[in-house]
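Geometric and topological summary
Each chain, written out:
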Amino acid sequence: MTAWRILAAPMALLCTFVASVSAHAGHGMAHPWQLGLQEPVTPVAVQINDFHNLLLVIITVIAVFVTLLMIYVMVKFNAKANPIPRTTTHNTLLEVLWTAIPILILVVIAIPSFKLLYFADTTKDAEMTIKAVGHQWYWSYEYPDHGDFTFDAAMLEKEELQPGQPRLLTTDETVVLPVNTNIRLLIAADDVLHAWAMPSFGVKLDAVPGRLNETWVRVEKEGTYYGQCSELCGTGHGFMPIMVKVVSKEAFATWVKTAKEEYASRDEKSSVKLAAANDSAAE
Ligand SMILES: [Cu+2]
């Protein structure tokens, strides 16, 4: 109990420090000197953050314990301090303990880990779907529930950036999502493996040609968030960022209206027919 009390104070201090640093990190992207993960803005990301902090505590306790044990052994049992060593080789209690305790620690880690894995996997009551498709080297997005329009989002070159836009993270077209909405996220690829990774959302999912991967997000804070392709996919791998703007539901509805006009519908055949019909009507 005393050992726990000695450890409790520094651990509490560490937790407070980590929590305060991550609270100050701001949202949307990584910051210089940032400690901890980016500010989590989805339920999955919040749980990932909590799990990360739990692991940090466990790993710190283990590292401190092993270090103290080694210092103790080095001081107490070196040849000078202990010229005639004992010849004991076995201790049943110790052996049971050093097998059982690590197993218990792994179980303590495994249970929340699996819970989180399943929580991130299944979309509950999805209100809308968007699909991200990885290409060499840009992402394209589809909005099947809002008229099935689609657009490509390519990285802006350094010369094209407006003041305040981060380099290597800003795209020409932006993915717009409504706040506080359960969104099913489908991820696929066109050519090679990519990965759609958005740290603030707690999403990092492989984009695989010929396969549809699914996850979900519910962003609880409006803002602009940045992510990057996280699977080596060729020379342009570092130049296919992800930029997502999360807006109010009303602003999203307005955006959808303009997006429908601005972006091509995936149902090209019907739009061609429509154009032809209009042409013949005009004649
Ligand atoms: Cu890629």
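Residues numbered from 1 in each chain as written. Predicted model: local features only at pLDDT ≥ 70, side-chain atom pairs only at ≥ 80, totals over all residues.

Re the overall build of the protein chain
Secondary structure summary: the protein chain contains five helices and 11 strands in total. Counting only residues that meet the buried cut, the protein chain has 20% of its 283 residues in that class. (Helix = DSSP H or I, 4+ residues; strand = E, 2+ residues; numbered from the N terminus. Buried ≥ 20, exposed ≤ 12 C-beta atoms within 10 Å, placed from the backbone.)

Examining the nonpolar core
Counting residues in each nonpolar core, the largest one holds 39 residues, and the members touching the most others are Ala 132, Trp 139, Leu 185, Trp 196 and Phe 201. Split by domain, the residues of this core number at least three in each of domain 1 (2-82 + 91-121) and domain 2 (128-266). The residues touching Trp 139, leaving out its near neighbours within four places in the chain, are Ala 132, Val 133, Gly 134, Ala 153, Met 240 and Ile 242. (Core = buried A, V, L, I, M, F, W, Y, C linked by C-beta atoms within 7 Å. Domains from an automatic or database assignment. Contact = placed C-beta atoms within 7 Å.)

A few points about the sheet that holds strand β1 (residues 128-135)
Taking strand neighbours across the sheet as the criterion, the six strands line up as β8-β5-β1-β2-β3-β11 in an open arrangement whose pairing is mixed. The open sheet terminates on both sides in strands that have one partner only, identified here as β8 (213-217) and β11 (264-265). Bridging between strand β5 (residues 183-189) and β8 involves five bridges; their strand directions are antiparallel. Counted as the bridge partner of Ile 187 is Asn 213 from β8. (Pairing = 2+ DSSP bridges.)

Topic: helix α4 (residues 249-262)
Under the 1.5 Å per step criterion, the end-to-end length of α4 is 20 Å for 14 residues, consistent within 8% with the ideal 20 Å. Here α4 lies mainly on the outside; zero of its 14 residues are buried. (Expected span 1.5 Å × (residues − 1).)

Considering the sheet that holds strand β4 (residues 175-178)
Taken in spatial order, the five strands line up as β4-β10-β9-β6-β7 in an open sheet, and their pairing is mixed. One side of each edge strand has no neighbouring strand; the edge strands of this open sheet are β4 and β7 (203-207). Within the sheet, the average angular offset between the axes of one strand and its neighbour, ignoring direction, is 25 degrees. Taken together, the five bridges between strand β9 (residues 223-229) and strand β10 (residues 242-247) define a ladder with antiparallel strand orientation. If you follow Gly 227 over to β10, its bridge partner there is Ile 242. (Axes fitted to C-alpha atoms, helices over the stretch in contact; angles between N-to-C directions.)

Examining the environment of Ala 253
Structurally, the position occupied by Ala 253 is in helix α4. Residue Ala 253 is classed as exposed on the basis of its C-beta count, with 12 C-beta atoms lying within 10 Å. Between the C-alpha atom of Ala 253 and that of Pro 178, which follows or precedes it by 75 residues, the distance is 8.4 Å.

Side note on unusual backbone geometry
In the segment running from Gln 136 into Trp 137, the intervening peptide bond is cis, with an omega of -5 degrees. Mapped onto the fold, Trp 137 is located in the loop between β1 and β2 (138-143). For Asp 148, which is not glycine, the phi torsion reads 60 degrees and is therefore positive. Mapping Asp 148 onto the fold places it in the loop between β2 and β3 (149-153).

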